[in-house]
Structure formats: C-alpha cells, structure tokens
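Spelled out from the first residue to the last, the chains are:
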Amino acid sequence: MASLAPSKILVIGGTGIIGKYITASLLRAKPAFDQVILFTSANTVATKGDILEKWKAEGLSIIVGDFESDSDVAAAFAQVDTVISALGRSVLHHQIRLLQLAEESGTVQWFLPSEFGTDIEHNDKSPNEAPHQNKLKVRKYVREQIKRLKITYVVTGPYFDMWVNTQPGVEITGGFVPDKKEAYLIDDGNTKVGFCTMWDVGKFVVATLQHPQESFGKALKVQSFIVTPNEVLAEYEKQTGSRWKVTRTSLDDIRSLEAKLLAEGKPAAIALRRIWAEGGTLYAKNDNELLGLGPEDLDSLEVGVKKALAGGWKKDAF
C-alpha cells in the first residue's frame, strides 16, 4: 500500500461544473495515467455526447450506471484502484455510501472525496457553518468507519472564476460587473483571500495523484494566488483602462442579510462569501510546494481577470 501509484482512476461527477476541469486535466496529465474512467449515467451520455466523444478520443473510458445503485457502483469499483468524487453540493451526502462501497471493494485503495472548495475545518466556528454540514458528515464517517482506504481531501478555497461574478439579488455580497464597470466589495476590501482558478483545481488533483506519499491521509490546502479584493479591483481597472464604481458593504450588514435569508428558509450561499471575507481561506502555509507546484506553474491574478473579462468560465472549452 505504501508504494501505491494510482493507475486506474475512476471519476464520479466528472461532467459537472468542477468535474469537467478535473477529468480533462487527468486525461492530459504527463506522464499519463494508465486509465481514466468516467462513471456516468445514460442521460449524461445522451445529453453530453460532444464532450464525451472528445474525451474518448483522448483515451477516456466510460462506465454507464446509476450512482445510486450499489451494484452498479460496486461493479465499477472492482475495476479501479483510485476514485475521485466530484459530486456537487446537493448530493454530497451520497459519498458516505460510496465510501462504504469503496472500503468493502478490496480493489479501491485511494479515495478523494468532493472537498473542492471552502475549508470546512478552518477554525472553531466551522462546525456550525450551514454550507459545511454535509462535508462534515463525510469527514466524520471517514474518521469513524474507514480503516483500509487512503483518503485525501483537496481543499481549494473559492474558485476565482466564480467568485468574481455577482449573485443576482444579493450583489452586495461581492463581485464584478465588467459591462457596467461596477465592483461590489465587502468591508474595506483589504482581507486577503486564497483562490483557485478552476483549471488549477484540475492541476492540483493531478499533482495530488502524482504525490501519493505526501498526500495520503491529509486535507491538502492549495491555492493559485492569495490577494485582496482591492487588488482584484485594481487589476480590473488596469486591464480595462478605467476607474470602476465601487460599492462597499460592511461585514455586519452581510451577516444581517445572511441571517434574514436563513430565517426565510433560503439557501445559505452567501455564507461562503462571508466566510471568505472573514479570512476563512488563510493559512500560515499552503501545500502547493508539497505537491511540487510553484507560482510559475499556476494561474495568476492577471490571467484570472483576463479570462473573466473575456467571458469567464462558461466559455471554457474542454
């Protein structure tokens, strides 16, 4: 087990928002993995044929099944040594069953749960944060029930590509509107935030698999760059050659809005922006170097803003 070199890798959720970046990066890894396999539904095969055909030409294998079917999942797990879950927030609770099946499989040796995003164990307030609850249940299950599998969490912090966009109806929680040259910042905009670009998430997953001994049993904290919202604003102004209108909202007002929306039974997405503005992405040291990645290997703030101004992540090609 100590010498595990992942060779047959199964991705679940590999055509989702972040899953696409992970799957594409695995297929283009150097040196190449022996086999990259996508576990997906018949509906995905029918509706996402273009991207699947492109990936198949790059060497992707596909197993069609129902991830809610234990027999389908167990049959897939019997063929691989490493599983990467890229499931979205609404189905994260299913990972407990997937972990159980992987533990029982005898073939799967390494499992990377879907932890891409905010650190759910950052500080003493983390256990009570609404957006963290399903991921916390997964970690609890791992600590108490997983004995054989190696587990690694790849904690990326917010995706810069999505953070720069405002949320309709709650624009004051942060973001940038290039068409109007308007920026919405929380507080004074001077609290640093550690970001990952979405392509760098894929790069960090590949690097994790290439460094098994350094990664086993860890929650890796990885970041493309660490900047303040004011520095992001300055980069937008530099690249557009003009001053932007800035709306600043205090953290107290953000907290009040969050409490109001929670009381109304509405999603707690703005909680994440409040967490990031409170310093919930900062560490004395991240794990980039542990994975052999330096600033020259990763996207920069300049690259991130340039991409956002060109239309953002929804225009990415895979």
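In every chain, residue numbers begin from 1 and rise along the written sequence. Restriction of local features to residues with pLDDT of at least 70 applies here, the model being predicted, together with a cutoff of 80 or more for giving and counting side-chain atom pairs; totals for whole chains, interfaces and linings are based on all residues. To obtain the side-chain values, all non-hydrogen atoms of the structure were used and water was disregarded.

Asker: I'd like to hear about the layout of surface pockets, residue by residue, with values.
Answerer: Grid points spaced at 1 Å and placed over the protein atoms alone form the basis of the search, with a cavity being a set where a 1.4 Å probe fits but cannot get out and a pocket an open set showing protein on both sides within 12 Å along at least five of seven lines. Lining residues have an atom within 4 Å of a point. Grid points are joined across faces, edges and corners, and a volume is the space filled by probe spheres set on the points. Its boundaries defined by the atoms lining it, the largest pocket holds a volume of some 1000 Å³. Considering the residues around the largest pocket, the lining is formed by 42 residues, among which I17, I18, G88, R89 and Y159 are closest to the centre. Here the element with the most residues in the lining of the largest pocket is helix α12 (residues 269-277); it accounts for 4 residues. Split by residue class, the lining of the largest pocket holds 20 nonpolar, 16 polar and 6 charged. In this structure, the second largest pocket is lined by 14 residues; those nearest its centre are D161, N165, G311, G312 and W313. Partitioning the lining of the second largest pocket into residue classes produces 9 nonpolar, 3 polar and 2 charged. Helix and strand definitions here come from DSSP, where helices need a minimum of 4 consecutive H or I residues and strands a minimum of 2 consecutive E residues; each element is numbered from the N-terminal end. Amino acids are sorted into nonpolar (Ala, Val, Leu, Ile, Met, Phe, Trp, Tyr, Cys and Pro), charged (Asp, Glu, Lys and Arg) and polar (every other residue, Gly among them).

Asker: Explain the UniProt feature "domain: NmrA-like" (unreviewed entry) in the chain to me, and be specific about the residues and the numbers.
Answerer: UniProt positions are given in the numbering used here, feature names are shortened, and annotations may be inferred rather than shown by experiment. Feature annotation in UniProt assigns "domain: NmrA-like" (unreviewed entry) to the following positions: residues 7-250. Structurally, residues 7-250 comprises 36% helix and 20% strand, and the distance from its first C-alpha atom to its last is 49 Å.

Asker: Can you lay out the environment of N286 for me, pointing to particular residues and giving the numbers?
Answerer: Along the chain, N286 falls in the loop between α12 and α13 (301-309). Sequence spacing of N286 and E264 is 22 residues, and the spatial spacing of their C-alpha atoms is 37 Å. There is a polar contact of 2.9 Å between the side chain of N286 and the side chain of Q223. Of the polar contacts made by the side chain of N286, one reaches the backbone nitrogen of N288; its length is 3.2 Å. Two N or O atoms form a polar contact when they lie within 3.5 Å of each other; inside protein one atom must be a possible hydrogen donor and the other a possible acceptor, and for residues adjacent in sequence the pair counts only when both atoms belong to side chains.

Asker: Go over the packing of helix α5 (residues 95-105) against helix α6 (residues 133-145), please, and point to the residues and values.
Answerer: Contact geometry for α5 and α6: axes closest at 9 Å, N-to-C directions at 25 degrees. Between α5 and α6, the angle is such that the two are roughly parallel. In the packing of α5 onto α6, the handedness of the crossing is right-handed. Residues Q95, I96, L99, Q100 and E103 of α5 pack against K137, V138, Y141, V142 and Q145 of α6. Counted by class, the contact of α5 with α6 contains 5 nonpolar, 3 polar and 2 charged residues. Only C-alpha atoms enter the line fits that serve as axes; for helices the fit covers just the stretch in contact. Angles between N-to-C directions range over 0 to 180 degrees. By the definition adopted for this analysis, an angle is roughly parallel if under 35 degrees, roughly antiparallel if over 145, roughly perpendicular if from 65 to 115, and oblique otherwise. The crossing is said to be left-handed when, going from far helix to near helix, the turn is anticlockwise and less than a right angle, and right-handed when the turn is clockwise. We call two residues in contact when some of their heavy atoms are within 4.5 Å.

Asker: Account for the nonpolar core, naming residues and giving values.
Answerer: Each nonpolar core is a collection of buried residues, namely Ala, Val, Leu, Ile, Met, Phe, Trp, Tyr and Cys, held together in the definition by side-chain atoms within 4.5 Å. Only protein chains enter the calculation, and the probe is 1.4 Å; a residue is then buried if its accessible area is under 20% of its type maximum, exposed if over 50%, and partly exposed in between. If you look at the biggest cluster of nonpolar residues, it comprises 40 residues, and the most contacted ones within it are I22, L26, I84 and F116. Listed by contribution, the elements that provide at least two residues to this core are β1 (8-12), α1 (19-27), β2 (35-40), α3 (49-57), β5 (110-112) and α8 (198-210). If we ignore the near neighbours within four places in the chain, the residues touching I84 are I9, L10, V11, I12, I22, L26, L112, F116, V205 and L209. F67, A76, V108 and L149 belong to the second-largest nonpolar core, a separate cluster that totals 26 residues.

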